[in-house]
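Examination of the molecular architecture
Now for the letters of each chain:
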Amino acid sequence: MTSMKCLALQLVGAKSKKAEIDRTIKKLNRELLDTKEVSAMLAPIHNEGGERTVDGITVEMKRDHIWDQVILDEVSEAIPKQNWPSFLTQQTTYKVDMRAFKDYALAHPAEAKKWHDAHSIKLGDPKVKTINAEKLLKEEE
């Protein structure tokens, strides 16, 4: 068996073991959270979030702050920007539909350059997406 095939099969096996371990962790976590003792630990932080430790077990309830953007727009528009409180900033993010941009660029090549100047591509880290272990083993035979 070639080194590549051997490594690929080892990766398939390791991912299978990891999936099994992840399922076990999820099941045990759920069972632990369902115990009376842990439910009692969670009760004091149930409404506000935070964390609590009892007998070496720490439980947490994360909390995210969600701001209604429509209300923030209404409130901030009523105040001159130079008088906004220091905790408030405004961000603008542009999103570009790549398919529509390609059509536009083909139809308007002279105008497209300035838009192309704003575009770059960030590539992710390489990874093995899938391995068909059965196919690898059949090829070996």
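Given the structure is predicted, the values throughout are model-derived calculations rather than measurements.

Further remarks concern the overall build of the chain. For the chain, the helix and strand inventory stands at 6 helices and 2 strands. Taking the principal axes of its C-alpha atoms as reference, the chain extends roughly 70 × 60 × 20 Å. Restricting the contact set of the chain to residue pairs at least 6 apart, pairs at least 24 apart contribute 28%. Carbon and sulfur atoms provide 55% of the accessible area of the chain, an area that totals close to 13400 Å².

This part takes up the nonpolar core. In a soluble, globular protein the nonpolar side chains are often hidden away together inside. Counting residues in hydrophobic clusters, the biggest one holds 5 residues: Val38, Met41, Leu42, Ile45 and Val59. Considering every element that reaches this core, the biggest residue donor is helix 2 (residues 36–42), with 3 residues. Beyond its immediate sequence surroundings of up to four residues, Met41 is in contact with Arg52, Thr53, Val54, Ile57 and Val59.

The next subject is the pairing of strand 1 (residues 50–54). Strand direction decides the pairing type here: strand 1 and strand 2 (residues 57–61), joined by 5 bridges, are antiparallel. If you follow Gly50 over to strand 2, its bridge partner there is Met61. Between the antiparallel neighbours strand 1 and strand 2 lie 2 residues, among them Asp55 with a positive phi of about 50 degrees.

Let us now look at unusual backbone geometry. Even without being glycine, Asp55 reaches a positive phi, approximately 50 degrees. As for its placement among the helices and strands, Asp55 is situated in the loop between strand 1 and strand 2.

In regions of low pLDDT, the predicted coordinates are not meant to be interpreted in detail. For the chain, mean pLDDT is 89; residues scoring 70 or higher make up 97% of the total. Mean pLDDT per element in the chain: helix 6 (residues 133–140) is the minimum at 78, and helix 4 (residues 98–107) is the maximum at 95.

Another point: the pattern of salt bridges. Applying the stated criterion to the full structure yields 3 salt bridges. One salt bridge in this structure joins Asp22 and Lys18, with 3.0 Å as the shortest N-O distance. Placement of both Asp22 and Lys18 in helix 1 (residues 3–33) is noted, with a separation of 4 residues, approximately one turn of the helix. Of the residues examined, Asp22 reaches a relative accessible area of 36% and is grouped as partly exposed. Owing to a relative accessible area of 51%, Lys18 belongs among the exposed residues under this scheme. The closest approach of N and O atoms between Lys113 and Asp117, which form a salt bridge, is 3.0 Å.

Taken together, the side chains of Ile71, Val75 and Ile79 present a nonpolar region at the surface, about 240 Å² in accessible area. In this fold, Ile71 is placed in helix 3 (residues 69–77). Accessibility expressed as a relative area gives 47% for Ile71, which makes it partly exposed.

What counts and how
- Residues numbered from 1 in each chain as written.
- Predicted model: local features only at pLDDT ≥ 70, side-chain atom pairs only at ≥ 80, totals over all residues.
- Heavy atoms only, no water.
- Helix = DSSP H or I, 4+ residues; strand = E, 2+ residues; numbered from the N terminus.
- Contact = heavy atoms within 4.5 Å.
- Areas by Shrake-Rupley, 256 points an atom, 1.4 Å probe, with all protein chains shown as cover.
- Core = buried A, V, L, I, M, F, W, Y, C linked by side-chain atoms within 4.5 Å.
- Buried < 20%, exposed > 50% of the residue type's maximum accessible area, 1.4 Å probe, protein only.
- Pairing = 2+ DSSP bridges.
- pLDDT = per-residue confidence, 0-100.
- Salt bridge = Lys/Arg side-chain N within 4 Å of Asp/Glu carboxyl O.
- Patch = residues over 30% accessible without salt bridge, like charges linked within 9 Å, V, L, I, M, F, W, Y side chains within 5 Å.

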